[in-house]
Amino acid sequence: MPVLPWSAIDTVLLDMDGTLLDLHYDNRFWLEHLPQRYAELHGVSRAMAELELRPLFEQHAGTLNWYCLDFWSRELRLPIRELKLEIADLIALKPDADTFLAAIRKAGKRVVMITNAHRDSLSLKLERVELEPYFERLISSHDYGYPKESPQFWDALQADIGFEPARSLFIDDTLAILRSARRFGVGYLLAVRQPDSRAELRDTQEFAAVENYRDLLTGL
């Protein structure tokens, strides 16, 4: 984990799921809870539910639909937000993420959340984890109509908040999104080594990765 040149960083852009919040909740919902409830509510076997869901997930991965609860509610004929509430006790902050957020705010950095999460999903998380006070803005990609994977998202973000990409740090757990930010010119990029606390450490390829949020505070 390299020491960040904090004097060269004015803006900190942060993802939510898998970056500040443990991705275990989302993985558990989409990979286990939703297929089980789909099977129960549509009267099919669990195996059949997974066969029907898998091609839909693959088709929409990386698009705005993938993150849209309204889309999945229509597509699957299920009350997705209500189903997400059924396991909401699994929503949890990653260790020392709040310490990091408090420190960078105190240091005078501009702190903005940029998430692909749907507004309904964002509000559900914020009801259980107090994140809002740390941020100047909480931006959902649905506000702009483009996911963070898209160059149009970054153009819209620039027009909205007027940040300096070269003097910005962005942390995200999705490599395709980090590459999109790099193409836009974001100067400092970090991946997340373990988005899901119950899963193995990930290979973050060309990106340095966060393992402990306290380590990022060196030199702040």
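The protein chain is annotated in an unreviewed UniProt entry as GMP/IMP nucleotidase from Pseudomonas maumuensis.

## A word on the side chain of Asp15
Following the sequence through the fold, Asp15 ends up in the loop between strand E1 (11-14) and helix H1 (24-42). Given a relative accessible area of 5%, Asp15 falls into the buried group. One polar contact links Asp15 to Thr19, side chain to side chain, over a distance of 2.9 Å. Those residues in contact with Asp15 that lie beyond four places of it in its chain are Leu20, Ile114, Thr115, Lys148, Phe170, Ile171, Asp172 and Asp173.

## Details of the sheet that holds E1
What links the strands of a sheet is backbone hydrogen bonding, and the strands pair in either a parallel or an antiparallel sense. Ordered in space as E3-E2-E1-E4-E5-E6, the six strands form an open sheet in which the pairing is parallel. At either margin of the open sheet sits one strand with a lone partner, and together these are strand E3 (137-140) and strand E6 (209-210). Strand direction decides the pairing type here: E1 and strand E2 (residues 110-115), joined by four bridges, are parallel. Across the sheet, Val12 pairs through a bridge with Val111, a residue of E2. Against the sheet, helix H5 (residues 97-106) engages E1, E2 and strand E4 (168-171), with an angle of about 155 degrees to E1. Helix H6 (residues 119-126) contacts E2 and E3 of the sheet and is inclined by roughly 140 degrees relative to E3.

## Overview of the pattern of salt bridges
Overall, the coordinates contain 18 salt bridges when judged by the stated rule. Between Arg46 and Glu50 there is a salt bridge, with the nearest N and O atoms lying 2.9 Å from each other. Here Glu50 and Arg46 lie together in helix H2 (residues 46-60), a separation of four residues that amounts to about one turn. Classification of Glu50 as partly exposed rests on a relative accessible area of 28%. For Asp96, the salt bridge is made with Arg214, and the minimal N-O distance between the two is 3.2 Å. Taken as a pair, Asp96 in the loop between helix H4 (80-85) and H5 and Arg214 in the segment after E6 lie far apart in primary sequence, 118 residues in all. Judged by relative accessible area, Asp96 falls into the partly exposed class, the value being 25%. Of the residues examined, Arg214 reaches a relative accessible area of 48% and is grouped as partly exposed. Salt bridges sharing common partners tie together Asp15, Lys148 and Asp172.

Cut-offs and rules
Residues numbered from 1 in each chain as written. Predicted model: local features only at pLDDT ≥ 70, side-chain atom pairs only at ≥ 80, totals over all residues. Heavy atoms only, no water. Helix = DSSP H or I, 4+ residues; strand = E, 2+ residues; numbered from the N terminus. Buried < 20%, exposed > 50% of the residue type's maximum accessible area, 1.4 Å probe, protein only. Polar contact = N/O pair within 3.5 Å; in protein donor to acceptor, adjacent residues only side chain to side chain. Contact = heavy atoms within 4.5 Å. Pairing = 2+ DSSP bridges. Axes fitted to C-alpha atoms, helices over the stretch in contact; angles between N-to-C directions. Salt bridge = Lys/Arg side-chain N within 4 Å of Asp/Glu carboxyl O.

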